[in-house]
Amino acid sequence: LSNDTETNILVDNAAPTVSIVNPPAATNTTQRGSIVVSASASSDVQRVFFEYSPNNGTYWIALGTDFAGTDGWNITFDTRSVADGYSYKIRANATDRASLSSFAAMAGNFTIDNTPPVLNITVPRPGSVVNGTINVTFSGCESSPMISIDGGLPIATGSLQNYSWNTTAEFDGVHILQINDSDAAGNNGFSQIVAVKVDNTPGVVLIVAPRDGAILG
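In this numbering scheme, every chain counts its residues from 1 along its sequence in written order. In keeping with the predicted nature of the model, local features appear solely for residues at pLDDT of at least 70, side-chain atom pairs appear and are counted solely at 80 or more, and the whole-chain, interface and lining totals rest on all residues. Hydrogens are left out, water is left out, and the side-chain values use all remaining heavy atoms of the structure.

Draft legend 1. Expanded view of the sheet that holds strand 1 (residues 18-22). Two strands are said to pair when DSSP picks up at least two bridges between them. Counting from the N terminus, the helices are the DSSP runs of H or I reaching at least four residues and the strands are the DSSP runs of E reaching at least two. Taken in spatial order, the three strands line up as 1-3-6 in an open sheet, and their pairing is antiparallel. Two strands close off the open sheet at either side, each with one partner strand: strand 1 and strand 6 (73-78). Sheet twist, expressed as the mean angle between neighbouring strand axes with direction ignored, is 25 degrees. Strand direction decides the pairing type here: strand 1 and strand 3 (residues 34-41), joined by four bridges, are antiparallel. What sits directly across from S19, in strand 3, is S40. The axes used here are C-alpha line fits, helices contributing only the stretch in contact, and every angle between their N-to-C directions lies in the interval 0 to 180 degrees.

Draft legend 2. Up close: the sheet that holds strand 10 (residues 120-123). One open sheet holds the three strands; their spatial order is 10-12-15, and the pairing between them is antiparallel. Edge strands, defined here as strands with exactly one partner in the open sheet, are strand 10 and strand 15 (162-166). Across the sheet, the axes of successive neighbouring strands diverge by a mean angle of 35 degrees, strand direction being ignored. By the bridge criterion, five bridges tie strand 12 (residues 133-139) to strand 15 in an arrangement that is antiparallel.

Draft legend 3. Expanded view of the environment of S139. Of note, S139 is situated in strand 12. Buried residues are those whose accessible area, probed at 1.4 Å on protein chains only, stays under 20% of the maximum for their type, while exposed residues exceed 50% and partly exposed ones sit between those limits. Look at S139 and you get partly exposed, because its relative accessible area is 31%. Placed 17 residues apart in sequence, S139 and T122 show a C-alpha to C-alpha distance of 7.4 Å. Excluding residues that lie within four positions of it along the chain, S139 makes contacts with V118, L119, N120 and T122. Working rule for contacts: check all heavy atoms of both residues, and any pair within 4.5 Å makes them a contact.

Draft legend 4. Examining the packing of aromatic side chains more closely. Note on aromatic pairs: the rings of Phe, Tyr and Trp (six-membered ring only in Trp) are paired at centre separations within 6.5 Å, and the planes decide the class, stacked below 30 degrees, edge-to-face beyond 60, tilted for the rest. One pass over the structure, following the stated rule, counts three aromatic pairs. With 5.8 Å between their ring centres and 40 degrees between their planes, Y88 and F110 make a pair best called tilted. Residue Y88 is located in strand 7 (residues 85-96), and its partner F110 is located in strand 9 (residues 110-112); the two are separated by 22 residues in the primary sequence. Through successive ring pairs, a cluster of aromatic residues spans Y52, F77, Y88 and F110.

Draft legend 5. Spatial organisation of the side chain of T167. Its location among the elements puts T167 in the loop between strand 15 and strand 16 (173-182). Any N or O atom pair separated by 3.5 Å or less is treated as a polar contact, with the protein-specific requirement of one donor-capable and one acceptor-capable atom, and with residues adjacent in sequence counted only for side-chain atom pairs. In this structure the side chain of T167 is engaged in a polar contact, spanning 2.5 Å, whose partner is the backbone oxygen of G132. Apart from the residues lying within four places of it in its own chain, the contact partners of T167 are V130, N131, G132, I134, V198 and N200.

Draft legend 6. Examining the pattern of salt bridges more closely. Salt bridge, as used here: a side-chain nitrogen of Lys or Arg that lies within 4 Å of a carboxyl oxygen of Asp or Glu. Under the counting rule described, the total for this entry stands at two salt bridges. Among the salt bridges present, the one from R91 reaches E51, with a minimum N-O distance of 2.9 Å. Residue R91 is located in strand 7, and its partner E51 is located in strand 4 (residues 45-53); the two are separated by 40 residues in the primary sequence. On the basis of relative accessible area, E51 is assigned to the buried category, the value being 10%. For R80, the salt bridge identified is with D78, shortest N-O distance 2.9 Å. For D78, a relative accessible area of 31% translates into the label partly exposed.

Draft legend 7. Just the nonpolar core, in detail. The term nonpolar core refers to a set of buried residues drawn from Ala, Val, Leu, Ile, Met, Phe, Trp, Tyr and Cys, joined through side-chain atoms within 4.5 Å. The biggest cluster of nonpolar side chains holds 21 residues, and the ones touching the most others in it are V37, V48, F50, F77, I90, A92 and F110. Of all the elements in the fold, those that place two or more residues in this core are strand 1, strand 3, strand 4, strand 6, strand 7 and strand 9. Those residues in contact with A92, other than ones at most four positions away along the chain, are V18, I20, A39, V48, F49, F50, S102, F103 and A104.

Draft legend 8. Local environment of the environment of A169. Examined against the element boundaries, A169 turns out to sit in the loop between strand 15 and strand 16. Distance in space between the C-alpha atoms of A169 and A14 is 76 Å, their sequence separation being 155 residues.

This is how it looks when you write it as structure tokens:
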């Protein structure tokens, strides 16, 4: 009697394929906050190891490994944990069942920008007494600044540098002003709060002498 058995052996000498999906490699995009870094890979891949470089690939820093690939090959990158910069790259290393691996890196770079614009109200100064229509001036705005009066709904200023404020629409007393704006990356910045006193009530002049109807000689 023969006890021979037959075994099928799969020979695999071909390295897997992998490519970066996000961030997109074709254009220099700007990223902020927490982003999903993703790659596509051939069907026999078992894990994908992700890295980033802050300096155009001079050196690489580990982001982590995706062992599942359930929803594609992904890792979360909190860009707030690194410095802003414009020379970032992503690299992925895919490993298949035969322990063969291959790398793919972004052809281009991407920018990380988590810094909001620095805004400053220059006029009026804190503690000023204002009346009539005044020109509120500010600096540091980049796109569509808004002004908030007494914490109310923001109003479009219509300018990157000033806003015409009709104080006669306000009650006499202390009011607070604040400017907010966002940059091209979507970072939202706020100015300091400036408190001013509105006084549109005319002063009262009282003549005490001579008395009304007095005969002067």
